[in-house]
Amino acid sequence: MTDLHATWVYLSTSPLFHLTLTLASFQAASWLFERSGRKPWLNPVLGAVIVNVAVLRLTGTDYATYFEGAQFVHFLLGPATVALAVPLYRQWQRVRRSALAITISLLAGSLTAIVSAVAVAWALGAPPALLASVAPKSVTAPVAMAIAEELGGLPSLTAVVVIVTGILGAMIGPMVLDLLRVRDWRARGLAIGTASHGIGTARALQVNETAGAFAGLAMGLNALATALVLPILWGLFI
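Quick caveat, the model's predicted, so the values are computed rather than measured. (Residues numbered from 1 in each chain as written. Predicted model: local features only at pLDDT ≥ 70, side-chain atom pairs only at ≥ 80, totals over all residues. Heavy atoms only, no water.)

A closer look at the nonpolar core
Consideration 1: Ranked by internal contacts, the top residues of the largest apolar core, which has 14 residues, are V118, A121, L131, V134, L151, L230 and W234.
Consideration 2: Taken together, the elements giving at least two residues each to this core come down to helix 8 (99-123), helix 9 (128-134) and helix 13 (209-237).
Consideration 3: No other element matches helix 8, which puts four residues into this core.
Consideration 4: Non-local contacts of A121, meaning those with residues more than four positions away in its chain, are made with A126, L131 and V134.
Consideration 5: Listed in part, the eight residues of the second largest apolar core include L88, L106, F214 and A218. (Core = buried A, V, L, I, M, F, W, Y, C linked by side-chain atoms within 4.5 Å. Buried < 20%, exposed > 50% of the residue type's maximum accessible area, 1.4 Å probe, protein only. Helix = DSSP H or I, 4+ residues; strand = E, 2+ residues; numbered from the N terminus. Contact = heavy atoms within 4.5 Å.)

Brief notes about the layout of surface pockets
Consideration 1: Roughly 2100 Å³ of internal volume is contained in the largest pocket.
Consideration 2: Around the largest pocket, the lining comprises 50 residues; the ones closest to its centre are V45, V73, L77, I163 and I199.
Consideration 3: Those elements giving two or more residues to the lining of the largest pocket turn out to be helix 2 (15-35), helix 3 (44-59), helix 4 (63-75), helix 5 (77-83), helix 10 (141-150), helix 11 (155-179), helix 12 (185-207) and helix 13.
Consideration 4: Considering each element in turn, the lining of the largest pocket owes the most residues, nine residues, to helix 3.
Consideration 5: Here the residues of the lining of the largest pocket are counted per class, giving 33 nonpolar, 14 polar and three charged. (1 Å grid on protein atoms, 1.4 Å probe; cavity = no way out; pocket = protein on both sides within 12 Å on 5 of 7 lines; lining within 4 Å. Points joined across faces, edges and corners; volume = space filled by probe spheres on them. Nonpolar A, V, L, I, M, F, W, Y, C, P; charged D, E, K, R; others polar.)

Details of the packing of helix 11 against helix 12
Consideration 1: Where helix 11 contacts helix 12, the axes come no closer than 7 Å and their chain directions differ by 135 degrees. With respect to helix 12, the axis of helix 11 lies oblique. Crossing of helix 11 against helix 12: the hand is left-handed. The segment helix 11 lies against helix 12, with V162, I163, T165, G166, I167, G169, A170, G173, P174, L177 and D178 engaging R188, A191, I192, A195, S196, H197, I199, G200 and R203. (Axes fitted to C-alpha atoms, helices over the stretch in contact; angles between N-to-C directions. Parallel < 35°, antiparallel > 145°, perpendicular 65-115°, else oblique. Left-handed = near helix turned anticlockwise from the far one by under 90°.)

In structure tokens form, the structure reads like this:
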């Protein structure tokens, strides 16, 4: 029993263990997602997060130790984001024909995401630092954290809000679009990519290549639009 405990202590602090945990939990959650017929509430990212958090809590592992292994997956986020250019290139002619609609929808979506988040937090009595933390909630995490820090927010809180937004958008977004009878894959992709960044884009790619291409485009342009517009709005109204 002592040897088994010593082995567990060693493994639980090994970067390889946490890398394996991350990959295995996501694979298991993805399997469950597919077996369920892709039910939105069984989102693989949410499932993997729940498993990882549970294991880290049970083993008393801090985030820094976990990240020593998970950083290898984190490194792949850059190449994965760049790879979104492939479906976008394949749909380039459709993108060109929809340029005006894309511009209008992105501006409307970006402003709605900012105003709605700040308005709800302000109505609940949130201080300026918290308002700044939730304002870029629909932007991909690295950009959102940088924006929040510039505005005086808490980047760590912003990261949590962004992840929750992405998961909820991937889970609920398709159902909302169905209820609104939005059938065009371009419109669905733009909506999901604008509202729920990378996690929503990954979900859109699973469903339809056109939706995934437009979601990837929306994710990138929304990050740019928010980075430009939000500091201006913040200076005018906050």
